[in-house]
Amino acid sequence: MFKFLGYERQDGSVGIRNHVVVIPTVACVNGVVHSIASKVPGIIPLYHSHGCGRLGEDLKIHARTLVNICKNSNVAAVLAIGLGCEFIKIKEFSEAVAESGKPVESFNVQTDGGSVKVVEKGIEAAQRLLDAASKVRRVEAGLDKIVLGLECGGSDALSGVTANPAIGKVTDWLVQNGGTAILTEVTEMIGTAHILKKRAATPELGEAVAEIVNAQERKTQEVLGEKLAGAIISPGNMDGGMSTIREKSLGCICKAGTSPISELVSYGAIPKGKGLIVMDGPGYDVDSIAGEAASGANLIIFSTGRGNPLGFPIVPIIKIASNTKLYDAMPDDMDVNAGRMLEGVTLQQMGDEIIELTKQVIQGKQSKAEINNHDSCLGLLCTTTAF
Amino acid sequence: MEKIKFVHINEKDNSVISLFELKEGDFIVLPDGKEVKIFENVPPSHKIATYALKAGDPIIKYGEEIGIAACDIPQGGWIHAHNISESQAFEQSVSESLKEGSSK
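Not measured: the values here are computed from a predicted model.

1. Digging into the overall build of chain B
Inference 1: Regarding its fold elements, chain B presents one helix and eight strands.
Inference 2: N-terminal to C-terminal, the α/β element order of chain B is β-β-β-β-β-β-β-β-α.
Inference 3: With 104 residues in all, chain B has 42% of them scored as buried.
Inference 4: Look at the contacts in chain B between residues 6 or more apart in sequence, and 41% of them connect residues 24 or more apart.
Inference 5: Total accessible area on chain B is roughly 5500 Å²; 54% of this is exposed by carbon and sulfur atoms.

Given below as structure tokens:
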């Protein structure tokens, strides 16, 4: 049975990394966060462009996602920087994160002496938090502590033939051994509602999963018009051998392997159980991986056919190239070349190879995206425009 | 080693995916040992019927139905937008949209 030496968190989760983060509760203080992070090696800034200017559903989504990213098992301690007049209040934010039992310190620029003073105080706090993180206990843990986010971005005709089916083998291995995997990118499930429905653990869950897929289809039609909605399968997809939207979507959802769907969660919400989880999130990679990290993903596997260097500040991302041309064109960004399946490597062998690398990354080996540190800011799902 | 010509994703599939352009008259050997003669030229990463399909038969890939055969498709035949009912309806709607757009 596979075991790894992880980082024990008070809420019962176990991290595969031990990061200290500094996060703004509103984008107005990103610069303050930058000043702190640039002076304290080892602290990770979590920049984003939200925290205010939005009400209703988007405020709920953003508050939940930012809090839950800080609760992610790869995060050891949190320094929160607020402004003072934003919707996401620093006190409530810090209390919500502290519920997980991890150390949290916070400052408000308007009431703690202005930005320069808050940088000074923040640097001192960051040192204290790094010290606390270095004392976190290492514990032996199993795959039940792993939450794997599934992602595909910059797909090509081979993504659904080589990389994604191989990733499906990893998902099956993980779920069969008590772990959790998150399937999202609902835009890329269009046309498969009836198939996902059959794969749900209960009829009620099946209905709910089918409904989010159908809702996404309706939304796509609202935005693009009924006829152009079909263009989500593009002429390029067609030339590449995709004949129907359902075929394209099946190539995406095969990352989830063959396990039954055990739970459906909203974007950035933390699942109650384990197994294969569906998260109601968008197809856009930057927003999608932030949602997965908030839902607890402590590891992400990302397939790509065109190539994408995207990392995530607190979660290792393993990149699987669907073809050899891409692997050779971006060797410093790709971890695995699934294009070798076109040269005689079988699906099972490729799955086993990715499982082997996954084990190593869980045990601490850095993925290419981690080594490069080419992370984006946090992209958060928005359903309306800002006020 | 002989070059791999195709991928058969799921054992239930009645289609396989070409990995490079296959020519009429080429042969592929399925995992169960059955030999299939390629009926017509098939572009890379496109689908090939593993047995003869009747109009109305489901086309299976990933173990699931991806569409319905719009006409009879011979064993070793190329399966794509030209012989899948859903794709034909879709292409027709795109072409109508384009006509509408350009006439305004």
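2. Let's talk about the packing of aromatic side chains
Residues and elements named next belong to chain A.
Inference 1: Tallied over the full model, the rule gives one aromatic pair over all chains.
Inference 2: On the basis of an interplanar angle of 20° and a centroid distance of 6.5 Å, the ring pair of Phe-2 and Phe-4 is categorised as stacked.
Inference 3: If you follow Arg-138 out to its NZ or CZ, it ends over the ring of Tyr-7, 4.0 Å from the centre.
Inference 4: Positioned over the ring face of Phe-302 is Lys-319, at 5.0 Å from the centre of the ring.

3. Considerations on the environment of Glu-24 of chain B
All names here are of chain B.
Inference 1: Locating Glu-24 in the fold gives a position in the loop between strand E2 (15–18) and strand E3 (27–29).
Inference 2: Classification of Glu-24 by relative accessible area gives exposed; the value is 58%.
Inference 3: With 52 residues separating them in the primary sequence, Glu-24 and Gly-76 have C-alpha atoms 8.8 Å apart.
Inference 4: When neighbours within four sequence positions are excluded, Glu-24 is seen to be in contact with Ile-38, Phe-39, Glu-40 and Asn-41.

4. A word on the interface of chain A and chain B
Inference 1: With 27 residues of chain A at the interface, the matching set in chain B holds 28 residues.
Inference 2: Contact between chain A and chain B buries roughly 2100 Å² in total, counting both sides, with carbon and sulfur atoms accounting for 60%.
Inference 3: At the boundary of chain A and chain B, one finds four salt bridges.
Inference 4: Between Lys-61 of chain B and Glu-247 of chain A there is a salt bridge, with its nearest N and O atoms 2.8 Å apart.
Inference 5: The interface formed by chain A and chain B contains nine residue pairs in polar contact (both at pLDDT 80 or more).
Inference 6: Of all elements in the fold, only helix H6 (193–199), helix H9 (235–239) and helix H10 (245–253) of chain A reach the threshold of two or more residues within the side of chain A that touches chain B.
Inference 7: Broken down by element, the residue count for the side of chain A that touches chain B peaks at four residues, all from H10 of chain A.
Inference 8: Here the side of chain A that touches chain B is composed, by residue class, of 13 nonpolar, eight polar and six charged.

5. A closer look at unusual backbone geometry
Inference 1: Despite not being glycine, Asn-373 of chain A has its phi angle at roughly 60°, a positive value.
Inference 2: Summarising the element assignment, Asn-373 of chain A is placed in the segment after helix H14 (368–372).
Inference 3: Its identity is not glycine, yet Ser-45 of chain B carries a phi of approximately 65°, on the positive side.
Inference 4: Note on placement: Ser-45 of chain B falls in the loop between strand E4 (35–37) and strand E5 (47–49).
Inference 5: Owing to a relative accessible area of 11%, Ser-45 of chain B belongs among the buried residues under this scheme.

6. Let's talk about a nonpolar patch on the surface
Residues and elements named next belong to chain A.
Inference 1: Taken together, the side chains of Leu-55, Phe-87 and Phe-387 define a hydrophobic patch exposed on the protein surface, amounting to about 350 Å² of accessible area.
Inference 2: Tracing the sequence through the fold places Phe-387 in the segment after H14.
Inference 3: Among the residues examined, Phe-387 registers a relative accessible area of 74% and is labelled exposed.

7. Regarding helix H7 (residues 203–224) of chain A
Inference 1: The first and last C-alpha atoms of H7 of chain A sit 31 Å apart over 22 residues, in line with the 32 Å expected at 1.5 Å per residue.
Inference 2: Phi turns positive one or two residues past the end of H7 of chain A, at Gly-225 of chain A, with a value near 90°.

8. A few points about the sheet that holds strand E3 (residues 19–24) of chain A
All names here are of chain A.
Inference 1: Strand order in this open sheet of four strands is E4-E3-E5-E6, and the pairing throughout is parallel. Strands with a single pairing partner mark the edges of an open sheet, and in this sheet they are strand E4 (43–45) and strand E6 (104–108). On average, each strand axis in the sheet is tilted by 20° relative to the strand beside it, whichever way the strands run.
Inference 2: Pairing geometry for strand E5 (residues 75–82) and E6, over five bridges, is parallel. Across the sheet, the residue bridging to Val-78 is Val-104, located in E6.
Inference 3: Its contacts with the sheet put helix H1 (residues 30–39) on E3, E4 and E5, and the angle it makes with E3 is roughly 150°.
Inference 4: Set on the sheet, helix H3 (residues 90–98) makes contact with E3, E5 and E6; between it and E6 the angle comes to about 175°.

9. What to know about the environment of Phe-27 of chain B
Residues and elements named next belong to chain B.
Inference 1: Here Phe-27 is to be found in strand E3.
Inference 2: Since its relative accessible area comes to 39%, Phe-27 is described here as partly exposed.
Inference 3: On a C-alpha basis, the gap between Phe-27 and Trp-78 in space is 14 Å, while along the polypeptide they are 51 residues apart.
Inference 4: Not counting the four nearest positions on each side in its chain, Phe-27 is found in contact with Lys-5, Glu-35, Val-36 and Lys-37.

Thresholds applied
- Residues numbered from 1 in each chain as written.
- Chains lettered and ligands numbered in written order.
- Predicted model: local features only at pLDDT ≥ 70, side-chain atom pairs only at ≥ 80, totals over all residues.
- Heavy atoms only, no water.
- Helix = DSSP H or I, 4+ residues; strand = E, 2+ residues; numbered from the N terminus.
- Buried < 20%, exposed > 50% of the residue type's maximum accessible area, 1.4 Å probe, protein only.
- Contact = heavy atoms within 4.5 Å.
- Areas by Shrake-Rupley, 256 points an atom, 1.4 Å probe, with all protein chains shown as cover.
- Phe/Tyr/Trp six-rings, centres within 6.5 Å; stacked < 30°, edge-to-face > 60°.
- Lys NZ or Arg CZ within 6 Å of the ring centre and 35° of its normal.
- Buried area = accessible area lost by both parts, 1.4 Å probe.
- Salt bridge = Lys/Arg side-chain N within 4 Å of Asp/Glu carboxyl O.
- Polar contact = N/O pair within 3.5 Å; in protein donor to acceptor, adjacent residues only side chain to side chain.
- Nonpolar A, V, L, I, M, F, W, Y, C, P; charged D, E, K, R; others polar.
- Patch = residues over 30% accessible without salt bridge, like charges linked within 9 Å, V, L, I, M, F, W, Y side chains within 5 Å.
- Expected span 1.5 Å × (residues − 1).
- Pairing = 2+ DSSP bridges.
- Axes fitted to C-alpha atoms, helices over the stretch in contact; angles between N-to-C directions.

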